[in-house]
Amino acid sequence: MHRFVQLLRSNWISATGAVVTTLSFMLFVTTFVFLAFHGGGHTAYAGLIVFVVLPALFVLGLLAIPVGLRLYRGQLAARLEALEIRPIRLLRVFGVLTAVNLAVAGTAGYEALHYMEGPAFCGTLCHEVMSPTYNAYQDSPHARVACVECHVGDGAEWFLKSKLSGLRQVAAVLLDDVQKPIPTPVHNLRPARDTCEQCHWPDHLTGDRLAVHRHFADDEDVTPESSVLMLRLGSVGGAGRRNGIHAHGASGLAVSYLATEDSREEIPWVRAVDAEGRERIYTTEDFDADEPPVESVRTMDCVDCHNQPSHGFEEPERAIDRALAAGALTRSLPFARKTGLELLRVEWTRDGVTDGMRRAMQERYPTASGFDAGTVERAADALAKIWLRNVYPDMAITWGTYPSMASHRGCMRCHDGEHIDEDGNEISMDCETCHVVLADRERDPDILEQLGLQGDR
């Protein structure tokens with residue numbers, strides 16, 4: 001070992017490589033053990049250093065050793081002769097160290113891959129850029145689904161594509177070349193059949209489902225109201241007919257369309273092909289091309305309607321109704337909803353919104369007029385939380401920046417009565433194709449009492 005150390009010292013490049021490799025190895029092992037004993041609750045930066053930076057330095061140091069020996073091979077030969085090093089022993093040392101190095105590099109590589117596919121790496125490493133979508137993800141129904149399950153999926157092809165895309169994104173962040181707000185939809189997203197449909201199966205979405213939505217009036221009493229819908233979620237109706245909300249994605253019906261802008265909100269051309277191969281093409285009056293370019297036509301899938309399945313942003317009316325229904329925002333304050341909506345639309349800063357909301361609410365509901373200071377402060381904090389959840393001025397995200405297409409807005413892109421085929425048939429705009437309205441913003445609707453749900457929602 002003494003002779004081997006002398007060999008490494010034969011030139012400065014190999015010596016530097018040996019020092020870098022040794023130090024990075026020691027730091028990796030000690031830090032890895034420390035994180036393991038602390039439950040793995042490390043930050044994104046700790047993971048970046050442990051599983052990316054240190055392994056990179058380790059490998060860089062290893063590469064420097066033979067590079068130095070190669071560049072200073074004249075000195076190496078002289079030293080080998082002077083030290084009378086026996087090749088067998090040298091090979092043994094190299095063999096043992098190579099085995100150790102491979103073990104370390106393999107472990108670090110696995111952990112680096114595992115770490116880089118975790119939500120913390122995706123969401124917290126680039127705070128300003130990714131905070132909006134990461135915070136929305138944590139508040140979504142998919143909060144326990146790893147980012148890569150939807151954005152990458154299985155297979156080497158999309159894994160490689162995702163890493164190349166990630167490198168471009170990192171370069172954009174470093175060069176401050178990020179579009180603000182980040183444009184949606186993502187046009188190079190993997191097809192939903194390879195991601196969403198690994199858990200959600202349109203053909204097995206059958207039957208109807210009752211939906212009860214709580215609303216509140218802008219009056220002094222913040223009067224509660226209810227909308228009750230019977231959603232036709234299914235994809236297969238009676239006699240095997242394709243109907244209901246999820247018929248668009250079920251087997252036996254292929255829908256494709258042409259969008260004239262990146263947001264996919266303007267759709268002048270739609271093609272539907274049924275299980276027997278019968279084709280119908282619907283166009284708007286202003287569409288003058290016989291057939292759009294093949295590369296411009298998109299096959300419809302889940303994300304054309306569920307465009308924000310894990311990164312949804314709310315409108316202020318919907319957000320404040322949810323807070324009132326959950327009790328996070330109290331109805332005991334007169335005109336609480338109207339006042340809340342006014343304050344949510346103020347152009348706050350993220351650092352100043354909480355204090356600003358408290359001051360504004362204290363002005364509207366002063367203690368001198370008999371309002372409880374604690375109640376007012378909790379209401380202000382609830383409003384600030386809603387604002388912080390949905391508005392990010394530094395990323396140019398405000399109310400309505402990312403609208404949901406799983407709504408009338410999305411449906412009316414095609415179901416507007418203006419898409420007509422050559423026989424004069426139009427894409428239906430009958431709302432009852434997808435839902436039946438049982439109550440529309442009613443106070444104590446009879447249907448809830450009949451279902452035994454009165455007061456439960």
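Thresholds, definitions, all that
- Counting restarts for each chain, with residues numbered from 1 along the sequence as it is written.
- Per-residue local features are limited, in this predicted model, to residues with pLDDT of at least 70; the limit for side-chain atom pairs, both in listing and counting, is 80 or more; totals at the level of whole chains, interfaces and linings are taken over all residues.
- Side-chain measures here rest on the full set of heavy atoms in the structure, leaving out hydrogens and waters.
- Salt-bridge detection follows one rule: a side-chain nitrogen of Lys or Arg within 4 Å of a carboxyl oxygen of Asp or Glu.
- We count a stretch as a helix when DSSP gives it H or I for four or more residues in a row; a strand needs E for two or more, and each element gets its number in order from the N terminus.
- Buried means the residue's accessible area, taken with a 1.4 Å probe over protein chains only, is under 20% of the maximum for its type, while exposed means over 50%, and partly exposed covers the values in between.
- Two strands make a pair as long as DSSP finds a minimum of two bridges between them.
- Contacts between residues were defined by any pair of non-hydrogen atoms, one from each residue, lying within 4.5 Å.
- Only the stretch in contact is used when a helix axis is fitted, and all axes are lines through C-alpha atoms; the angle between N-to-C directions ranges over 0 to 180 degrees.
- The term disulfide is used for any two cysteine sulfur atoms that are within 2.5 Å.
- Only rings of Phe, Tyr and Trp enter the pairing, Trp through its six-membered ring, and a pair is recorded when the two centres are within 6.5 Å. The plane angle decides the type: under 30 degrees is stacked, over 60 is edge-to-face, the rest tilted.
- Whether a charge lies above a ring is judged from NZ of Lys or CZ of Arg, which has to be within 6 Å of the ring centre and within 35 degrees of the ring normal.

A.B. asks: I'd love a proper account of the pattern of salt bridges, names of residues and values included.
C.D. replies: The tally for this structure, following the rule as stated, stands at 17 salt bridges. When the shortest N-O distance is used, the salt bridge between Arg 280 and Asp 421 registers 2.6 Å. A residue pair is termed long-range when its members are at least 10 positions apart, and Arg 280 in strand β5 (residues 279-283) and Asp 421 in the loop between α14 (408-411) and β7 (435-442) qualify at 141 residues. Note on Arg 280: relative accessible area 37%, which makes it partly exposed. For Asp 304, the salt bridge goes to Arg 298, with nearest N and O atoms at 2.9 Å. Among the charged side chains, a network of salt bridges with common partners joins Asp 218, Asp 321 and Arg 337.

A.B. asks: Any chance you could break down the pairing of strand β3 (residues 253-258) for me, citing the residues and the numbers?
C.D. replies: As paired strands, β3 and strand β4 (residues 269-274) are joined by 6 bridges and run antiparallel to one another. Across the sheet, residue Ser 256 finds its bridge partner in β4, namely Arg 271. Sheet topology places β3 next to strand β6 (residues 297-299); 3 bridges connect them, and they run antiparallel. What sits directly across from Ser 256, in β6, is Thr 299.

A.B. asks: I'd like to hear about helix α11 (residues 336-344), residue by residue, with values.
C.D. replies: Most of α11 sits inside the fold, with 7 of its 9 residues counted as buried. Restricting attention to buried positions, one finds in α11 the residues Ala 336, Arg 337, Thr 339, Gly 340, Leu 341, Leu 343 and Leu 344. Looking at the buried side of α11, the elements it contacts are β1 (209-216), α10 (316-326), α12 (353-364) and α13 (373-390).

A.B. asks: Mind laying out the sheet that holds β6, listing which residues take part and the relevant values?
C.D. replies: Taking strand neighbours across the sheet as the criterion, the 4 strands line up as β5-β4-β3-β6 in an open arrangement whose pairing is antiparallel. Taken across any chain shown, the strands that pair with only one partner, and hence form the sheet edges, are β5 and β6. The sheet shows a mean angle of 20° between the axes of neighbouring strands, direction not considered.

A.B. asks: Give a detailed account of the environment of Asp 394, specifying residues and quantitative values.
C.D. replies: For Asp 394, the position within the fold is in the loop between α13 and α14. Sequence-wise, Asp 394 and Val 129 are 265 residues apart; in three dimensions their C-alpha atoms are separated by 8.8 Å.

A.B. asks: Explain the state of the cysteines to me, and be specific about the residues and the numbers.
C.D. replies: Going through the model one piece at a time under the given rule, you end up with 0 disulfides. The thiol of Cys 305 is unpaired, and the distance to the nearest cysteine sulfur, on Cys 411, comes to 6.3 Å. No disulfide involves Cys 431; its nearest neighbouring cysteine sulfur is the one of Cys 411, lying 8.0 Å away.

A.B. asks: Tell me what's going on with the packing of aromatic side chains, and back it up with residues and numbers.
C.D. replies: One pass over the full model with this rule turns up 4 aromatic pairs. Summarising the aromatic geometry, the rings of Phe 25 and Phe 58 are spaced 6.3 Å apart at their centres and angled 40° between planes, so their arrangement reads as tilted. Linking Phe 25 in helix α2 (residues 12-37) with Phe 58 in helix α3 (residues 44-71), this pair joins segments that are 33 residues apart in sequence. Among the residues examined, Phe 25 registers a relative accessible area of 29% and is labelled partly exposed. A centroid spacing of 6.0 Å and a plane angle of 25° characterise the contact between Tyr 134 and Tyr 137, whose relative ring orientation is stacked. Here the residue Tyr 134 and the residue Tyr 137 both occupy positions in helix α7 (residues 127-138), the gap between them amounting to 3 residues, near one helical turn. Judged by its relative accessible area of 5%, Tyr 137 falls in the buried class. Taking the ring centre of Phe 313 as reference, the NZ or CZ of Arg 389 above it sits at 5.7 Å.

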